[in-house]
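Observations on chain architecture
Single-letter residue listing:
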Amino acid sequence: MIEPTPVRRVLAGAQVFDGYEMRGAADVALEGSRVAEVGPPGSVDRDFSTVVSLDGLVLAPGFIDIHGMDSSPSNIARKDGANLLLQGVTTIVIGHCGTGRPWHHESSGLPVNVVRLIGHNALRLLAAERFELEDPAALRWLSDNLKNELDHGALGLSLGLMY
């Protein structure tokens, strides 16, 4: 099978912020979704490329919102993600502070990357609805449900022991 050639775009003349400092004006070539080449203005190969002039604009990496208190999918008022994307946020972390409930079915469809944590307190509350917490079956249920969430894309378990 022949692999399609990724689309090549050159973002030309932007002031580049690399996440740490301003690096000055540069051309950035993208192939598909990957950065293929970075160089001084005019130095990046433009053959077979779509060139987008970014003169006077800043080009920065996507920002990660690691603790936005309103970043759960059910709380994002704008499902188009504009409230995040307009700030440069391309990744959100949800479920921190031990309160993130299991919800792997709700985090799809957003135009940003979603990193899910499963809340320790949320799991305990769900277990308390089904078992006496001293029951050994409760611990098995907690472990099985955490494993299921991890198998469905959650990154880890969050704790909020002071709540």
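Everything below is about the structure printed above this text.
1. Overview of the sheet that holds strand β6 (residues 63–65)
Spatially, β6-β7-β8-β9 is the arrangement adopted by the four strands of the open sheet, whose pairing is parallel. Taken across any chain shown, the strands that pair with only one partner, and hence form the sheet edges, are β6 and β9 (156–158). The average angle at which neighbouring strand axes cross in this sheet is 30°, direction not considered. Here β6 pairs with strand β7 (residues 89–94) via three bridges, running parallel. By the bridge assignment for β7, Phe-63 is matched with Val-89.

2. A word on the environment of Asp-27
Structurally, Asp-27 can be placed in strand β2 (residues 22–31). Classification of Asp-27 by relative accessible area gives buried; the value is 1%. For the pair Asp-27 and Val-16, spaced 11 residues apart in sequence, the C-alpha to C-alpha distance is 8.7 Å. Of the polar contacts made by the side chain of Asp-27, one reaches the side chain of Arg-46; its length is 2.7 Å.

3. Digging into the packing of aromatic side chains
A complete count under the given rule lists one aromatic pair for this structure. On the numbers, 6.4 Å between centres and 55° between planes, the contact of Phe-131 with Trp-141 is tilted. Of this pair, Phe-131 sits in the loop between α2 (120–128) and α3 (136–151) while Trp-141 sits in helix α3, and the two are 10 residues apart along the sequence. For Phe-131, a relative accessible area of 22% puts it in the partly exposed group.

4. Topic: the nonpolar core
With seven residues, the main nonpolar core is built from Ile-118, Leu-123, Ala-127, Trp-141, Leu-142, Leu-146 and Ala-154. For this core, the secondary-structure elements that each account for two or more residues are α2 and α3. If one sorts the elements of this core by residue count, α3 sits on top with three residues. If we ignore the near neighbours within four places in the chain, the residues touching Leu-142 are Leu-123, Arg-124 and Ala-127.

5. Considerations on the packing of α2 against α3
Axis separation between α2 and α3 bottoms out at 10 Å; the angle between their running directions is 130°. Comparing their axes, α3 and α2 come out oblique. Crossing geometry of α2 relative to α3 is assigned as right-handed. Listed contacts from α3 to Leu-123, Arg-124, Leu-126 and Ala-127 of α2 are Trp-141, Leu-142, Asn-145 and Leu-146. In the contact of α2 with α3, the residues fall into six nonpolar, one polar and one charged.

6. Some thoughts on the pattern of salt bridges
Here the structure, examined in full by the defined rule, presents eight salt bridges. Salt-bridge contacts for Arg-23 lead to Glu-21; the nearest nitrogen and oxygen are separated by 3.3 Å. Glu-21 gets classed as partly exposed once you look at its relative accessible area, which sits at 40%. Across the salt bridge formed by Arg-116 and Glu-149, the nearest N and O atoms sit 3.1 Å from each other. One end of the pair, Arg-116, is in strand β8 (residues 113–119); the other, Glu-149, is in helix α3, with 33 residues separating them in the sequence.

Rules used throughout
Residues numbered from 1 in each chain as written. Predicted model: local features only at pLDDT ≥ 70, side-chain atom pairs only at ≥ 80, totals over all residues. Heavy atoms only, no water. Pairing = 2+ DSSP bridges. Helix = DSSP H or I, 4+ residues; strand = E, 2+ residues; numbered from the N terminus. Axes fitted to C-alpha atoms, helices over the stretch in contact; angles between N-to-C directions. Buried < 20%, exposed > 50% of the residue type's maximum accessible area, 1.4 Å probe, protein only. Polar contact = N/O pair within 3.5 Å; in protein donor to acceptor, adjacent residues only side chain to side chain. Phe/Tyr/Trp six-rings, centres within 6.5 Å; stacked < 30°, edge-to-face > 60°. Core = buried A, V, L, I, M, F, W, Y, C linked by side-chain atoms within 4.5 Å. Contact = heavy atoms within 4.5 Å. Parallel < 35°, antiparallel > 145°, perpendicular 65-115°, else oblique. Left-handed = near helix turned anticlockwise from the far one by under 90°. Nonpolar A, V, L, I, M, F, W, Y, C, P; charged D, E, K, R; others polar. Salt bridge = Lys/Arg side-chain N within 4 Å of Asp/Glu carboxyl O.

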